[in-house]
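Coordinate inspection notes
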Amino acid sequence: MMQAHRETLAKKAIQEQLTQYHGPVTEVEIRQALVRQGLRVHKTTIYRQLAALVSAGWATVTNFADGVTRYERQLQHHHHVVCRSCKRVEEVHMSNHLAKEEAKIARARGFTKVTHVLEFFGTCHTCARRQESH
């Protein structure tokens, strides 16, 4: 019974962290935030709870081609633009044309549950100005 109670506390704390962050966050960043709150949660528990939240559709997984898995609260489908220099991440909302393309691809190829991953990479204004001054 104690383990289930701990799991529930961990899940609530993780959900709070994902709700507070405005963008994708790593397991390490979540664990560090929990430690600052005085909660010691094993990384296996964090990964298990994150997997459950993703499976339930409450959160999504994002990977910016750097091998680091990130999680975020999924309120509506969106993409990201990532600065190659400082790693700042901003949300990008696009028209619904990609959903139409998914449906078209699914019909044409006989697939179901087609999704996509699309991220943009560039240099933010601050980093570009910093690079120009050097």
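Notes on the structure follow. (Residues numbered from 1 in each chain as written. Predicted model: local features only at pLDDT ≥ 70, side-chain atom pairs only at ≥ 80, totals over all residues. Heavy atoms only, no water.)

1. Some words on the nonpolar core
In globular proteins that are soluble, nonpolar side chains generally tend to be buried together. Core analysis: the largest hydrophobic core is formed by 14 residues, its most contacted members being Ile14, Leu18, Ile30, Leu34, Ile46, Leu50 and Leu53. Mapped by element, the contributors of at least two residues to this core are helix H1 (2–20), helix H2 (27–36) and helix H3 (43–55). Considering each element in turn, this core owes the most residues, 4 residues, to H1. When neighbours within four sequence positions are excluded, leucine 50 is seen to be in contact with Ile14, Leu18, Glu27, Ile30 and Tyr71. (Core = buried A, V, L, I, M, F, W, Y, C linked by side-chain atoms within 4.5 Å. Buried < 20%, exposed > 50% of the residue type's maximum accessible area, 1.4 Å probe, protein only. Helix = DSSP H or I, 4+ residues; strand = E, 2+ residues; numbered from the N terminus. Contact = heavy atoms within 4.5 Å.)

2. Structural notes on the layout of surface pockets
As a volume, the largest pocket reaches approximately 310 Å³. Around the largest pocket sit 17 residues that line it, and Thr60, Val61, Thr62, His77 and His116 are the ones nearest its centre. Contributions of two or more residues to the lining of the largest pocket are made by strand S2 (59–63) and strand S4 (79–83). Broken down by element, the lining of the largest pocket gets its largest block of residues, 5 residues, from S2. (1 Å grid on protein atoms, 1.4 Å probe; cavity = no way out; pocket = protein on both sides within 12 Å on 5 of 7 lines; lining within 4 Å. Points joined across faces, edges and corners; volume = space filled by probe spheres on them.)

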